[in-house]
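Spelled out, the chains give:
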Amino acid sequence: MKELPKIYEPQKVENEIYMRWEEGGFFNPDNIASDEKYCNILPPPNANGELHIGHASGYTVMDIFGRWARMKGKKTLLLPGKDHAGIQTQVVFEKKLKAELGLSRQEIGREEFYKKTYDFCMDRSGYMRSQEKKIGISADWSREKFTLDPDVLSSALQTFVKMHEDGLIYKGKRIINWCPRCATALSDVEVLHKDTPGKLYFIKYPLENSQTEFITVATTRPETMLGDTAVAVSPDDERFAKLVGKNAVLPLQNRSIPIIADQRIDLTFGTGAVKITPAHDPLDWQIGKDHKLEEIQIIDEKALITEFGGKYAGMTTHEARKAVVKDLEKLNLLEKIEDLAHSVSICERCKTIIEPLTSEQWFINVDAKKYSLRRLAKKVIEENLIEIFPNNFKKILIDWFDNMRDWCISRQIWWGPRFPVWYCDNCGEQKYLVSLEKPSNCPHCNGTNLTQDENTFDTWFTSGQWAHTTLKSRENDFENYYPSDMMVMGRDLLFFWSARMIMLSLYATGKVPFRNLFFTGLVLDKEGHKFSKSRGNGIDPLTVIEKFGADALRMSLIMDSAPGQNSRLYEEKIETFRNFANKLWNISRYCLTQEGFKLVEEISSKDIENPADNWIIYKLQMTVDEISRLFENKQIALAADVLKTFTWNDFADWYLEINKIEKNQKILGYVLDKVLRLWHPFIPFITEHIWTLAEQEKMLIISTWPRPLHDIATLLDGWQYVENLKAIITTIRNVRTENKIELDKKISIVINSNNEAFSKMIKLEFQEEIIKRLKTGADSISYNQSESGLGNSIKRTAGAYTLFINLAGAINTEKEIAKAEKEIASLEKFIAGLASRLENKEFVSKAPVQIISQQQETLAKKQTELSELKKHLKSLS
RNA sequence: GGGUGAUUAGCUCAGUUGGCUAGAGCACUUCUCUUACAAAGAAGGGGUCACUGGUUCGAGUCCAGUAUCACCCACCA
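Attention in this report is confined to the structure presented alongside it. (Residues numbered from 1 in each chain as written. Chains lettered and ligands numbered in written order. Predicted model: local features only at pLDDT ≥ 70, side-chain atom pairs only at ≥ 80, totals over all residues. Heavy atoms only, no water.)

1. Considering empty space enclosed by the protein
At step 1: If you walk through the whole model with that rule in mind, you get 3 cavities of 30 Å³ or more.
At step 2: Around the largest cavity, the lining is made up of 20 residues, and of these Val61, Ile558, Ser561, Ala562 and Pro563 lie nearest the centre.
At step 3: Secondary structure elements with two or more residues in the lining of the largest cavity: helix 2 (53–71), strand 23 (514–520), helix 16 (550–558) and helix 19 (636–661).
At step 4: For the lining of the largest cavity, the residue count by class is 11 nonpolar, 8 polar and 1 charged.
At step 5: Within this model, the second largest cavity holds a volume of roughly 110 Å³.
At step 6: Lining the second largest cavity are 15 residues, with Ile87, Glu190, Arg349, Thr459 and Trp460 sitting closest to its centre.
At step 7: When contributions to the lining of the second largest cavity are tallied by element, the ones reaching two or more residues are helix 3 (86–101) and helix 11 (459–463).
At step 8: No other element matches helix 3, which puts 3 residues into the lining of the second largest cavity.
At step 9: When the residues that make up the lining of the second largest cavity are grouped by side-chain class, the tally is 5 nonpolar, 4 polar and 6 charged. (1 Å grid on protein atoms, 1.4 Å probe; cavity = no way out; pocket = protein on both sides within 12 Å on 5 of 7 lines; lining within 4 Å. Points joined across faces, edges and corners; volume = space filled by probe spheres on them. Helix = DSSP H or I, 4+ residues; strand = E, 2+ residues; numbered from the N terminus. Nonpolar A, V, L, I, M, F, W, Y, C, P; charged D, E, K, R; others polar.)

This is the structure in structure tokens:
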């Protein structure tokens, strides 16, 4: 056995291990023969940058479940990919183009821009792929996909064609969210709302044919009055009842506009009268539709005032607001201005203020007669055809579907797939043809000059189909792996992505896209802030991996947090898991350097030679059971915690120490074998590395998950013996520390027990040797069933035994008395509580028998302890 | 305006179907470089589980309400 370093050095082994996994073909499910399958289509990160810690967090969760499934013998497919990320990538790449070449996209033209952006995405994808490998994700790279891959895309566009045939698609002029900077329409979810201090302007609109009467409206956006086509009041508002049906004169524009009544007006807000601008406000647009009002577009797509804005034409909205307010003041029509906190819509990508505009766009009717996307999506969730974890997200998703409005899917950007919609130059835009391929001629007039629709798709239209389109390009994959078992995503993608995937996949395939939907929380910095570029608090996964190793990063991302709950990440935390990895390394180092050591896959009951073997096998059995149960419940953080306790506190702290004295290499090899397997999904690199050092033939990644060990463990008895032994040792150490006795000063111990447990001390020599050598400093141990002549010793209860520890005069009597008194007080209190509970008739009649007998046992034990302690106190004073 | 989550040790957080005196990591105190590991070992100290009620034999856990914080949704002009 070659010399092993004292410190585990992940940097030296991780790359090589990943390469061996890849070359072994273990990520490709085709190489696994099994009837059981497991599939997780990985969420595609945006191919325009690099991985951040949030990606790493999600990937870790996915990989843990994936490796677990693989070890359970399932044909396991983790399918990776990248998203072209329409608007975001265009924003990123335009900036890059400007910074590096000083060019705008208009200057290089649509075709060239698309080509350059594509190359950019390919380049980033390559880099991001290398990052994903560093994290250790066991994905099948031979199946990697990009949302713009021809097969993936064509499958997604077919859904559009089908939807069009089914009447779910319509094109229409409607009010939409317009980002003036991105120069495109946005869907509702791409708009953020930000509370901002603003002003509420009260403007007097003169009544028609009157010099003295006015109706006063309140608005936060006075410039939009240029496009007003009505004033609305509540039908229940008596103040204005007599004005309904009359007209007002729109100041500055001198147009006559009707005063109408509408249920949607809140008579308690402002003056109760609202100016209606159908072209520039969503609610006004609705009201305008219902009252057949004219729409006057006075703000254009660059957020400038149009020709319909009269003398304000060409101004920005900001300039127009100032000018309008000033002019109204001059006319004495501005009644007052109040401060008002209200919420402003901004673009999710560039934070520019959204201008609501009416515009010709493509929409998906999410509640069509023939097929209601949102109702059917809601139904599968209600019926638990998709299990959502944690479950509280289920209600949020259902509520969202209930309130969902039609989905605007057209964008006026260049980066992304164009609509498969064709217009004939002859027939014009009124007649169009939907077809994946460019038609050779127009079905209406046979003309051959056909041009494609300029619009590109909302990026969520294609990524919303990722769950099934990715499986369509290889024969049988769809049949084999759809629906997938697991989908993991950050909770911030709840509406953007999970909702769209459920709707679109359900529609396109008739089946749910996945059976389990697992939401992860956000990863925050040490202070609980989001990681962001502007804050400059980002943690680069690669830097962390370089410093602490991928395994430590993985552990720190999934442990100490509850599912769906946000968690914090910082160096000290990662360090503790790096320390754990090192602990596991040294445990293995000890094992591997033992004479004749090897990993052992199976044992039988006759391999158990001493009580410690018995004990550790029992503990291992409990751990395997517990971890398997927790995995089934998707509680991976708790599973890792249970395993950590077993590894460190049971195996390393006790079994290894005892093993140095009572060697049984077979059990040692067996336990380490199981420990490595159980840890592998969490920390694949170090476990695989140790596995290799142990000269295993097959790699750990494809080894089998430990079975429950009941067949062996049930044969065992007396495992509690070691628990008692631990108590004895701990008690002696404790007494030593309390009395400040140096370890090299030897003490003598008398172990006394007048109960049955004493007779159960199966192997006295074994016990004696261990007590002496496990840092107790005991040099003589004797056993006695009577207490006479032990008055000079410190007396302690340890497990089923009473110890008399003779410190050879070093005893601090005063301290000992104080301690005994304190202990007696707390014991008495505890016993009183327990006794009264056991005397309670209701408790005895209603509580489960198990609980009652447990508590009776405890009571008896504590009562004995108390009386012993009292005797001890008496002997001291 | 609606919703969700959080509130447990000095700090960061676990706590599964309600059940023995509520746990971990970090930090803290004392001791130890003992032949796997000082990135470690040994022994400790530290908590009215935000508050008020309720259900229950039994509540950190379930229910109702209150407070504070965080996040999400929303067409309050």
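2. A closer look at the packing of helix 15 (residues 541–548) against helix 17 (residues 571–592)
At step 1: Running from N to C, helix 15 and helix 17 cross one another at 40 degrees; their axes reach a closest spacing of 11 Å. As far as their axial angle goes, helix 17 and helix 15 are oblique. In this structure, helix 15 meets helix 17 at a crossing whose hand is right-handed. Between helix 15 and helix 17, the residues in contact are Val544, Lys547 and Phe548 and Glu571, Ile574, Glu575 and Arg578, respectively.
At step 2: Looking at the contact of helix 15 with helix 17 residue by residue, the class counts come to 3 nonpolar, no polar and 4 charged. (Axes fitted to C-alpha atoms, helices over the stretch in contact; angles between N-to-C directions. Parallel < 35°, antiparallel > 145°, perpendicular 65-115°, else oblique. Left-handed = near helix turned anticlockwise from the far one by under 90°. Contact = heavy atoms within 4.5 Å.)

3. Notes on the nonpolar core
A general tendency of soluble globular proteins is for nonpolar side chains to be buried together.
At step 1: Formed by 124 residues in total, the largest nonpolar core has its most connected members in Phe651, Trp679 and Phe682.
At step 2: In terms of residues, this core owes the most to one element, helix 19, which gives 12 residues.
At step 3: Once you skip the residues sitting within four places of it in the chain, Trp679 turns out to touch Met555, Phe580, Leu584, Ala640, Leu643, Lys644, Thr647 and Thr687.
At step 4: Membership of the second largest hydrophobic core comes to 72 residues, among which are Leu97, Trp362, Val421 and Phe478. (Core = buried A, V, L, I, M, F, W, Y, C linked by side-chain atoms within 4.5 Å. Buried < 20%, exposed > 50% of the residue type's maximum accessible area, 1.4 Å probe, protein only.)

4. Remarks on the sheet that holds strand 12 (residues 273–276)
At step 1: Strands sit in the order 10-11-9-12 across an open sheet of 4 strands; the sheet is mixed. This sheet does not close on itself; its edge strands, each paired only once, are strand 10 (247–250) and strand 12. Shown here is a sheet whose adjacent strand axes are inclined to one another by a mean of 30 degrees, direction ignored.
At step 2: Taken together, the 3 bridges between strand 9 (residues 230–233) and strand 11 (residues 255–261) define a ladder with parallel strand orientation. Bridge pairing in strand 11 links Val231 to Ile259. (Pairing = 2+ DSSP bridges.)

5. Here's the deal with the protein's contact with RNA strand B
At step 1: With respect to spatial proximity, 59 residues lie near RNA strand B, and among them Asp266, Arg568, Arg578, Trp648 and Lys846 are the closest.
At step 2: The share of sugar and phosphate among atoms of RNA strand B within 4 Å of the protein is 63%.
At step 3: Within the contact set of RNA strand B, a base nitrogen lies 3.2 Å away from a side-chain nitrogen or oxygen of Lys660.
At step 4: Sorting elements by how many residues they give to the surface near RNA strand B places helix 17 first, with 9 residues. (Near = heavy atom within 4 Å. Polar contact = N/O pair within 3.5 Å; in protein donor to acceptor, adjacent residues only side chain to side chain.)

6. Let's talk about helix 21 (residues 684–693)
At step 1: Counting buried residues in helix 21 gives 9 out of 10 residues, a clear majority hidden from the surface.
At step 2: Restricting attention to buried positions, one finds in helix 21 the residues Pro684, Phe685, Ile686, Thr687, Glu688, His689, Ile690, Trp691 and Leu693.
At step 3: Looking at the packing, one finds that the buried side of helix 21 touches helix 1 (10–23), helix 2, helix 5 (110–135), helix 16, helix 17 and helix 20 (665–679).

7. Description of the pairing of strand 1 (residues 37–41)
At step 1: The buried fraction of strand 1 amounts to 4 of the 5 residues, a majority that puts the element mostly inside the structure.
At step 2: Sheet topology note: the strand 1/strand 2 (residues 75–79) ladder contains 5 bridges and is parallel. When the sheet's bridge partners are listed, Tyr38 is paired in strand 2 with Thr76.
At step 3: Handedness of the crossover is the feature at issue here: the chain leaves strand 1, passes through helix 2, returns alongside strand 2, and the resulting connection is right-handed. (Right-handed = clockwise from strand over helix to strand, strands pointing away.)

8. Considering the pattern of salt bridges
At step 1: Under the defined criterion, the tally for this structure stands at 62 salt bridges.
At step 2: Residues Glu112 and Lys116 are paired through a salt bridge, measuring 3.2 Å at the closest nitrogen-oxygen approach. Placement of both Glu112 and Lys116 in helix 5 is noted, with a separation of 4 residues, approximately one turn of the helix.
At step 3: A relative accessible area of 29% places Lys116 in the partly exposed class.
At step 4: A single network of salt bridges, built from pairs that share partners, joins Asp30, Asp140, Arg143, Arg474 and Asp477. (Salt bridge = Lys/Arg side-chain N within 4 Å of Asp/Glu carboxyl O.)

9. Some words on the sheet that holds strand 20 (residues 450–452)
At step 1: The antiparallel open sheet is built from 3 strands, whose spatial order is 19-18-20. Each of the sheet's edge strands pairs with one partner strand only, and the pair in question is strand 19 (428–434) and strand 20. On average, each strand axis in the sheet is inclined to that of its neighbour by 40 degrees, with strand direction left out of account.
At step 2: Across 3 bridges, strand 18 (residues 421–424) lies against strand 20 in antiparallel orientation. Residue pairing for strand 20: Cys424 is matched across the bridge by Leu450.

10. Observations concerning the packing of aromatic side chains
At step 1: In the structure shown here, the tally under the stated rule is 40 aromatic pairs.
At step 2: Taking the centre distance of 5.3 Å and the plane angle of 15 degrees together, the rings of Tyr170 and Phe363 count as stacked. Here Tyr170, found in strand 5 (residues 169–179), pairs with Phe363, found in strand 14 (residues 355–364); they are 193 residues apart in sequence, far enough to count as distant.
At step 3: One aromatic cluster is present, formed by Phe65, Trp68, Phe389, Phe518, Phe580, Phe631, Trp648, Trp679, Phe682 and Trp705 through successive ring pairs.
At step 4: Over the ring of Phe363 we find Arg174; its NZ or CZ atom is 4.8 Å from the centre of that ring.
At step 5: If you follow Lys634 out to its NZ or CZ, it ends over the ring of Phe389, 5.9 Å from the centre. (Phe/Tyr/Trp six-rings, centres within 6.5 Å; stacked < 30°, edge-to-face > 60°. Lys NZ or Arg CZ within 6 Å of the ring centre and 35° of its normal.)

11. Details of the environment of Arg411
At step 1: With respect to the helices and strands, the residue Arg411 is situated in strand 17 (residues 410–411).
At step 2: Residues in contact with Arg411, not counting those within four places in the same chain, are Ile87, Thr184, Ala185, Leu186, Ser187, Glu190, Asn455, Thr456, Phe457 and Asp458.
At step 3: A polar contact is formed between the side chain of Arg411 and the backbone oxygen of Ala185, at a distance of 3.3 Å.

12. Some remarks on the environment of Phe804
At step 1: Tracing the chain through its elements places Phe804 in strand 29 (residues 801–806).
At step 2: In this structure Phe804 comes out as buried when scored by relative accessible area, which is 4%.
At step 3: Taking C-alpha positions, Phe804 is 14 Å from Glu865, a pair spaced 61 residues apart along the chain.

13. Digging into the environment of Glu742
At step 1: Inspection of the secondary structure puts Glu742 in the loop between helix 23 (720–738) and strand 26 (747–752).
At step 2: Owing to a relative accessible area of 56%, Glu742 belongs among the exposed residues under this scheme.
At step 3: Along the sequence, Glu742 and Ser853 sit 111 residues apart, while their C-alpha atoms lie 42 Å from each other.

14. Section: the pairing of strand 9
At step 1: With burial as the criterion, each face of strand 9 is covered, one bearing Ala230 and Ala232 and the other bearing Val231 and Val233.
At step 2: Here strand 9 pairs with strand 12 via 4 bridges, running antiparallel. Considered in strand 12, the bridge of Ala232 is made with Val274.

15. A few points about the side chain of Ser435
At step 1: Its place among the elements puts Ser435 in the loop between strand 19 and strand 20.
At step 2: The buried category is assigned to Ser435, whose relative accessible area is 18%.
At step 3: For Ser435, the side chain forms a polar contact with the main-chain oxygen of Glu437, separated by 2.5 Å.
At step 4: Setting aside chain neighbours within four positions, we find Ser435 in contact with Pro420 and Trp422.

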